[in-house]
Amino acid sequence: MTHSDMGRRKDDHLDIVLDRRASVRSSFSGLDDIRFEHCALPELNLDDVDVSGSLLGIALRAPLLISSMTGGADRATAINRHLAEAAQELGIAMGVGSQRVALQSGGDQGLTRELRRLAPDIALLGNIGAAQLIEPDGLDMARRAVDMLQANALIIHLNPLQEAVQAGGDRRWEGILDAIHRVVLSVGVPVVVKEVGAGLSADVALALVNAGVQVLDIAGLGGTSWAAVEAERAENPADREVAMAFAQWGIPTAVSLAMVRQALPDTPLIASGGIHNGIDVAKAIRLGADVVGQAAGVLRNATLSTAAVIEHFDIVIRQLRIACFCTGSADLRALRSARLLAPNTLQSLLS
């Protein structure tokens, strides 16, 4: 695949996500099945509720990550600038999209140290696909991905389903875990491994941590379906039919998060996949997330302006703070112990 083909593919991805043609129903995330027990006597001052957190040892004013969403498309330059400026203003983290096109072509799509200049204080995460790591220059690409941003960490994204249904996708996945281990040993910054919308199982999570990965982003079912994205891009009916069969494939975000947290009680976890508002953020924190990521939900704002991105996340943070307040949680630590209503609470009370 040529660099221009990869750039065109990334442009297609942006169009499809912006048109919401590949969104899985939000109920598939499992977050809609969770309900907090309301506290009518919170005994708190709402303005004093503390929603601060941290990622990679860097303080966050709210436990939010602008998740990876833009890669090789030319218009990503403006999008990345808006996101970086907003992250700096808000005091939240930012992960860029795949840097593959920028690393292999002359264009940079805004993925340069200019992002660090715009956002000097944030946790900024680079990004490369796991399948690229087994290429002859894979380790060098990983190092350059960090250097070109002065990134605090490197995201390695796992997207086997997307590659399997994508015309010209990467079919070879043997040796990926060993390649990730080599990157961990040599890249010089913490490594984050992220699924892209089908979730991490407990077994895979354990294998990654045993390979030295420091942070996991479970990125479960419930947000953008990259199988559906590739179905939209398919040029023949057979390819479309194959891809669409997997549009709802994956581990729901809530399930993936809960089981990975149970298996790895001390590993920093990012939750993403179907995060629509601050209540979803609160639910993810309650299930074990340290930080919560959102991508598609803010993408349209990011095409407009920095101010639009700031306004979007201001709303999410206000919602999160109220969710804490109405569960009697003074901070995120308390929120992690907030009472939940069991799914069959009414039935149990009536029986």
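Thresholds applied
Residues numbered from 1 in each chain as written. Predicted model: local features only at pLDDT ≥ 70, side-chain atom pairs only at ≥ 80, totals over all residues. Heavy atoms only, no water. UniProt positions renumbered as here; feature names shortened; annotations may be inferred. Buried < 20%, exposed > 50% of the residue type's maximum accessible area, 1.4 Å probe, protein only. Helix = DSSP H or I, 4+ residues; strand = E, 2+ residues; numbered from the N terminus. Arc of directions from axis to C-beta. Contact = heavy atoms within 4.5 Å. Pairing = 2+ DSSP bridges. Axes fitted to C-alpha atoms, helices over the stretch in contact; angles between N-to-C directions. Parallel < 35°, antiparallel > 145°, perpendicular 65-115°, else oblique. Left-handed = near helix turned anticlockwise from the far one by under 90°. Nonpolar A, V, L, I, M, F, W, Y, C, P; charged D, E, K, R; others polar. Core = buried A, V, L, I, M, F, W, Y, C linked by side-chain atoms within 4.5 Å. Right-handed = clockwise from strand over helix to strand, strands pointing away. Polar contact = N/O pair within 3.5 Å; in protein donor to acceptor, adjacent residues only side chain to side chain. Disulfide = S-S within 2.5 Å.

In the nomenclature of an unreviewed UniProt entry, the protein chain is known as Isopentenyl-diphosphate delta-isomerase of Pseudomonas graminis. Recorded in UniProt for the protein chain, the comment headed Sequence similarities (unreviewed entry) runs: "Belongs to the IPP isomerase type 2 family."

1. So, helix α5 (residues 138–147)
Residues of α5 that are buried include every one of G138, M141, A142, A145 and V146, and no others. Down the axis of α5, the buried set is contained in an arc of 135 degrees. They therefore lie on one face. Against α3 (100–104), β6 (124–129), β7 (153–158) and α7 (176–186) lie the buried residues of α5.

2. Section: the sheet that holds β7
An order of β4-β5-β6-β7-β8-β9-β10-β11 is seen for the eight strands of this closed barrel, with the pairing classed as parallel. Averaged over all neighbouring strand pairs, the angle between strand axes comes to 25 degrees, with direction disregarded. Here strand β4 (residues 64–66) pairs with strand β5 (residues 93–95) via two bridges, running parallel. Within the sheet, the bridge partner assigned to I66 lies in β5 and is M94. Its contacts with the sheet put helix α14 (residues 306–325) on β4 and β11 (291–294), and the angle it makes with β4 is roughly 155 degrees.

3. With respect to the packing of helix α12 (residues 278–287) against α14
Helix packing for two helices is described by the angle between their axes and how far apart those axes are. At a minimum axis separation of 7 Å, α12 and α14 run at an interaxial angle of 55 degrees. The angle between α12 and α14 places the two elements in the oblique class. Between α12 and α14 lies a crossing whose hand is right-handed. Judged by residue contacts, G278, I279, V281 and A282 of α12 engage V316, Q319, L320 and A323 from α14. Residue classes in the contact of α12 with α14 are distributed as six nonpolar, two polar and no charged.

4. Focus on the nonpolar core
Membership of the largest hydrophobic core comes to 84 residues, with the highest contact counts inside it found for M94, L154, I156, I180 and L216. Per-element tally for this core: the top contributor is α14, with nine residues. Excluding its chain neighbours within four sequence positions, the residues that come into contact with I156 are I128, G129, A130, L133, I180, V183, V191, V192, V193 and K194. The next biggest cluster of nonpolar side chains, apart from the first, holds 13 residues, and it includes L55, L65, V192 and I270.

5. Quick look at the pairing of β6
In terms of residue burial, β6 counts as a mostly covered element, since six of its six residues are buried. Burial along β6 is two-sided: the face carrying L124, G126 and I128 and the face carrying L125, N127 and G129 are both buried. Pairing between β6 and β7: five bridges, direction parallel. When the bridges of β7 are listed, I128 appears paired with I156. A crossover connection joins β6 to the parallel β7 through α5; in handedness this β-α-β unit is right-handed.

6. Quick look at the environment of D280
Note on placement: D280 falls in helix α12. Between the C-alpha atoms of D280 and D32, which are 248 residues apart in sequence, the distance is 8.3 Å.

7. A closer look at the UniProt feature "binding site: FMN" (unreviewed entry) in the protein chain
When the UniProt feature table is mapped to this numbering, "binding site: FMN" (unreviewed entry) covers S67, S68, M69, T70, S98, N127, K194, T224, A295 and A296. Looking at the element boundaries, M69 is found in the loop between β4 and α2 (76–90). Looking at M69, the relative accessible area reads 16%, which means it is buried. On the secondary structure map, A295 appears in the loop between β11 and α13 (296–304).

8. Quick word on the pairing of strand β8 (residues 191–195)
Of all five residues that make up β8, five are buried, and the element is covered over most of its length. What you see with β8 is no split at all: V191, V193 and E195 on one side and V192 and K194 on the other are buried throughout. Here β7 pairs with β8 via five bridges, running parallel. The partner of I156 across the bridge, within β8, is V193. Pairing between β8 and strand β9 (residues 215–217): three bridges, direction parallel. Among the inter-strand pairings, V192 is bridged to a residue of β9, identified as V215. Assessed by its sense of winding, the connection that carries the chain from β8 through helix α8 (residues 202–210) to β9 is right-handed.

9. Topic: the side chain of S329
Mapped onto the fold, S329 is located in the loop between α14 and α15 (332–335). A distance of 2.9 Å separates the side chain of S329 from the side chain of T327, its partner in a polar contact. Filtering out sequence-adjacent residues up to four positions away, S329 remains in contact with L44, V49, C324, A334, L335 and A338.

10. Some points on the packing of α13 against α14
Contact geometry of α13 with α14 gives a least axis separation of 7 Å together with a crossing angle of 150 degrees. With respect to α14, the element α13 is oriented roughly antiparallel. Between α13 and α14, the residues in contact are G297, V298, N301, A302 and L304 and A308, V309, H312 and F313, respectively. Residues of the contact of α13 with α14, tallied by class, amount to six nonpolar, three polar and no charged.

11. Some details on the state of the cysteines
The full count for this structure, using the stated rule, is zero disulfides. Of all cysteine sulfurs, the one in C326 lies closest to C324, which takes part in no disulfide; the gap is 9.9 Å. Among the residues examined, C326 registers a relative accessible area of 25% and is labelled partly exposed.

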